[in-house]
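# Descriptive analysis of the structure
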Amino acid sequence: MERLDKVLSNLGYGSRKEIKTLVKKGEVEVDGEVVKDSSMKIEPNENTIKVHGEAINYREYIYLIMNKPDGVVSATYDKYDETVIDLLEYEDTVLDPFPVGRLDKDTEGLLLITNDGKLNHRLTSPKHHVDKVYYAEINKVVDEDDIKAFKEGITIDDGYKCMPAKLEIISADENGSEINLTIQEGKFHQVKRMFEARGKEVVYLRRIKMGKLDLDESLSEGEYRELTEEEILMFKQI
Ligand code: URA
């Protein structure tokens, strides 16, 4: 059971005070009865709640996919920088979503944003072997030796040996290379540090896939959408 004002507030109907006013005006009904007390306890999945005569769409969780732009941090709050949460419409922030894992400030691409802690854990724990695919531009030639080294496991600067990673070369010449890299971990700056260990530098990085979910081509930088039921299910089965 939950307090009615808390449920409505979480759904974006205003502060608890504003909801009290709505209730006073007789604008809120539970199972067909006009509510008198905004703190009454309800079962949101079972009771029918109406505001202004319209049934509310109750939900506990929100699942968003964003095409993260450059220059924005993957955090809920930052003293100096704009965060991915700042890019959300107000109504998408009321359930307190947070980014699943981190993309660096200058990394672009697929970022999930949710308030589902269990899903977050499943997707970020290396135990679950969820593939994350990155497209990257590298400042030097990437070659077969690199593919072999990534397959065997790159040892990064702090001595950690990364799990085997799949490196695919899209193009490579003296001016630089384009590659796709599939990893299952998410260590801090992992892709950049893996290339650093090979004496090369990542000059552009974009995540293009997580599990079976591709970065939506229809999402321009900074745009986002809700995951479909099917996509949510797919992640829950991981
Ligand atoms: N690896 C990195 O180096 N940066 C990211 O943002 C993600 C993976």
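Residues numbered from 1 in each chain as written. Predicted model: local features only at pLDDT ≥ 70, side-chain atom pairs only at ≥ 80, totals over all residues. Heavy atoms only, no water.

Per an unreviewed UniProt entry, the protein is named Pseudouridine synthase, and its organism is Clostridium aestuarii. The Sequence similarities (unreviewed entry) field of the UniProt record for the protein holds the comment "Belongs to the pseudouridine synthase RsuA family." (UniProt positions renumbered as here; feature names shortened; annotations may be inferred.)

Under the counting rule described, the total for this entry stands at 13 salt bridges. For Asp146, the salt bridge goes to Arg198, with nearest N and O atoms at 2.7 Å. Separated by 52 residues along the polypeptide, Asp146 in helix H4 (residues 144–152) and Arg198 in the loop between helix H5 (190–197) and strand E13 (202–210) bring together distant segments of the chain. The salt bridge partner of Lys200 is Asp146, with a shortest N-O separation of 2.6 Å. You can see Lys200 sitting in the loop between H5 and E13 and its partner Asp146 sitting in helix H4, a full 54 residues away along the chain. For Asp146, a relative accessible area of 1% translates into the label buried. Bridged by salt links that share partners, the residues Asp104, Asp106 and Lys192 form one connected network. (Salt bridge = Lys/Arg side-chain N within 4 Å of Asp/Glu carboxyl O. Helix = DSSP H or I, 4+ residues; strand = E, 2+ residues; numbered from the N terminus. Buried < 20%, exposed > 50% of the residue type's maximum accessible area, 1.4 Å probe, protein only.)

Looking only at helix H3 (residues 117–124), the buried set comprises Leu119, Asn120, Arg122 and Leu123. Projected down its long axis, H3 shows its buried positions confined to an angular sector of 165°, all on one face. On its buried face, H3 sits against strand E7 (63–68), strand E8 (98–99), strand E9 (108–114), strand E10 (132–138), E13 and helix H6 (229–236). The residue sitting at the N-terminus of H3 and contributing the capping side-chain oxygen is Asp116; that oxygen lies 3.2 Å from the backbone nitrogen of Lys118. (Arc of directions from axis to C-beta. Contact = heavy atoms within 4.5 Å. Polar contact = N/O pair within 3.5 Å; in protein donor to acceptor, adjacent residues only side chain to side chain.)

UniProt marks residues 2–60 with the feature "domain: RNA-binding S4" (unreviewed entry), using the numbering shown here. Counting secondary structure, residues 2–60 comes out at 27% helix and 24% strand; the distance between its end C-alpha atoms is 12 Å.

The next thing to look at is the site of the ligand. Taken together, Leu103, Asp104, Thr107, Tyr134, His189, Gln190, Val191, Lys192 and Leu205 form the complete shell of residues around the ligand. The backbone of Val191 places a nitrogen or oxygen atom 3.0 Å from a nitrogen atom of the ligand. Interatomic distance of 3.1 Å between a backbone N/O atom of Lys192 and an oxygen atom of the ligand. In isolation the ligand has 240 Å² of accessible area, and contact with the protein removes 96% of it. Of the residues forming the shell around the ligand, the biggest block, 3 residues, is contributed by H5. Residues of the shell around the ligand, tallied by class, amount to 4 nonpolar, 3 polar and 2 charged. (Near = heavy atom within 4 Å. Areas by Shrake-Rupley, 256 points an atom, 1.4 Å probe, with all protein chains shown as cover. Nonpolar A, V, L, I, M, F, W, Y, C, P; charged D, E, K, R; others polar.)

By size, the foremost hydrophobic cluster in this structure holds 31 residues, and its most contacted members are Ile113, Phe150, Ile179, Leu181, Val191, Met194 and Phe195. Where this core is concerned, the elements lending two or more residues are E7, E9, E10, H4, strand E12 (176–183), H5 and E13. Two domains each donate at least three residues to this core, and these are domain 2 (63–126 + 215–236) and domain 3 (131–210). Discounting residues that sit within four places of it in the chain, Val191 has contacts with Tyr134, Leu181, Ile183, Val202 and Leu205. (Core = buried A, V, L, I, M, F, W, Y, C linked by side-chain atoms within 4.5 Å. Domains from an automatic or database assignment.)

The next thing to look at is the domain arrangement of the protein. As far as domains go, the protein holds domain 1 (2–55), domain 2 (63–126 + 215–236) and domain 3 (131–210). Taking only C-alpha atoms into account, the centre of domain 2 sits 23 Å from that of domain 3. Facing 15 residues of domain 2, the contacting portion of domain 3 comprises 14 residues. For the pairing of domain 2 and domain 3, the buried interface totals around 1,200 Å² over both sides, and the portion due to carbon and sulfur atoms is 50%. Considering only the side of domain 2, the residues that lose the most area to domain 3 are Asp104, Glu108 and Leu110, jointly responsible for 37% of the buried surface there. Inspection of the region where domain 2 meets domain 3 yields 2 salt bridges. The closest approach of N and O atoms between Lys192 and Asp104, which form a salt bridge, is 2.8 Å. If you look at where domain 2 meets domain 3, you find 9 residue pairs in polar contact (both at pLDDT 80 or more). (Buried area = accessible area lost by both parts, 1.4 Å probe.)

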